[in-house]
Amino acid sequence: MTYKAQLVVRATTKEGVEIIEKVKELANDQSVTFSDKALELLEIAFNPAAASAPAAAPSAPAEKAPAETAVKEEAPAPKAEEPKTFVSKEPVEEDPDGPLPPEEAGPPVDPGLPPKELVGHYVRRRDERGPRAAARILVDFFAVAGPAAGGKVKKLLQQEYSQQEFEELMKPIKRTSEYATYTERAIFGQPSPYSQLNES
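Figured I'd write up the structure that's included with this text. (Residues numbered from 1 in each chain as written. Predicted model: local features only at pLDDT ≥ 70, side-chain atom pairs only at ≥ 80, totals over all residues. Heavy atoms only, no water.)

**Some details on the packing of helix H8 (residues 115–129) against helix H10 (residues 147–160)**
- In the contact formed by H8 and H10, the axes pass within 9 Å of each other and the chain directions differ by 45°. Overall, the two elements H8 and H10 adopt an arrangement that is oblique. Every pair of crossing elements has a handedness; the one defined by H8 and H10 is right-handed. Between H8 and H10, the contacting residues are Pro115, Lys116, Leu118, Val119, Tyr122 and Val123 on the first element and Ala149, Lys152, Val153, Leu156, Leu157 and Glu160 on the second.
- Of the residues assigned to the contact of H8 with H10, the class counts are 9 nonpolar, no polar and 3 charged. (Axes fitted to C-alpha atoms, helices over the stretch in contact; angles between N-to-C directions. Helix = DSSP H or I, 4+ residues; strand = E, 2+ residues; numbered from the N terminus. Parallel < 35°, antiparallel > 145°, perpendicular 65-115°, else oblique. Left-handed = near helix turned anticlockwise from the far one by under 90°. Contact = heavy atoms within 4.5 Å. Nonpolar A, V, L, I, M, F, W, Y, C, P; charged D, E, K, R; others polar.)

Printed below as a string of structure tokens:
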């Protein structure tokens, strides 16, 4: 038997619209449908245990569960080595399109600047030093940005560049740990140090 249901989401407040936009953005980033992402988030909201433990209905996930717990148990030991391996992933050989390290990208830009100013710095840096140097500005920004400020910066970049150029410039950014942390803040609504400054 096949179960079918439809989820329709409408918002009548500014906050509701922003939440829907966040879910759409996350779905796009993870290459899933809006409905699938919304259902995933609803499942986490109604069943927080589902976020940390896989469902044990079929036999295959039940077999995977011990392996996953083993990985979780081993995780504390490698944590001491993780910063070293992350630093080794930064060189040009690993990701030819990735952002340059801070020491090679040019003078640092304050990630707490208003979105319009920050995008202005990005555009100038891209013209002067290339996309990889400019990408460092966005990586540093997303490391501390709140969801609202992040959305504003993305909209300004979409106004500055074509859709294809925007997608290309965001690809290496989305592969960084800083952007992954930003995405988590967008999902769970965690505050960021610069979110209020960036939203002004």
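**So, the side chain of Lys154**
- Within the secondary structure, Lys154 sits in helix H10.
- A polar contact of 2.2 Å, which involves the side chain of Lys154, links it to the side chain of Glu25.
- Look past the residues within four positions of Lys154 in its chain and what remains in contact with it is Glu25, Asp29, Phe142, Phe166, Met170, Tyr179 and Tyr182. (Polar contact = N/O pair within 3.5 Å; in protein donor to acceptor, adjacent residues only side chain to side chain.)

**Remarks on the pattern of salt bridges**
- Overall, the coordinates contain 3 salt bridges when judged by the stated rule.
- Lys154 is the partner of Glu25 in a salt bridge, and the nearest nitrogen-oxygen pair spans 2.2 Å. Taken together, the positions of Glu25 in helix H1 (residues 14–29) and Lys154 in helix H10 put the pair 129 residues apart, joining distant regions of the chain.
- Taking relative accessible area as the criterion, Glu25 reaches 23% and is therefore assigned partly exposed. (Salt bridge = Lys/Arg side-chain N within 4 Å of Asp/Glu carboxyl O. Buried < 20%, exposed > 50% of the residue type's maximum accessible area, 1.4 Å probe, protein only.)

**Details of the side chain of Arg185**
- Its place among the elements puts Arg185 in helix H12 (residues 177–188).
- The side chain of Arg185 sits in the buried core without any salt bridge; Glu184 is the nearest counter-charge, 7.9 Å away.
- A polar contact is formed between the side chain of Arg185 and the backbone oxygen of Ala145, at a distance of 2.8 Å. (Lys, Arg positive; Asp, Glu negative; His and termini not counted.)

**Things to note about the nonpolar core**
- Ranked by internal contacts, the top residues of the largest apolar core, which has 24 residues, are Tyr122, Leu138, Phe142, Leu157 and Ile173.
- Of all the secondary-structure elements, those providing two or more residues to this core are H8, helix H9 (131–144), H10, helix H11 (163–174) and H12.
- For this core, the element with the highest residue contribution is H9, accounting for 7 residues. (Core = buried A, V, L, I, M, F, W, Y, C linked by side-chain atoms within 4.5 Å.)

**Some points on H9**
- When the terminal C-alpha atoms of H9 are compared, their 21 Å separation across 14 residues agrees well with the 20 Å that a helix rising 1.5 Å per residue should span.
- Buried residues dominate H9, accounting for 11 of its 14 residues.
- Here H9 has its buried residues at Arg132, Ala133, Ala134, Ala135, Arg136, Ile137, Leu138, Val139, Phe141, Phe142 and Val144. (Expected span 1.5 Å × (residues − 1).)

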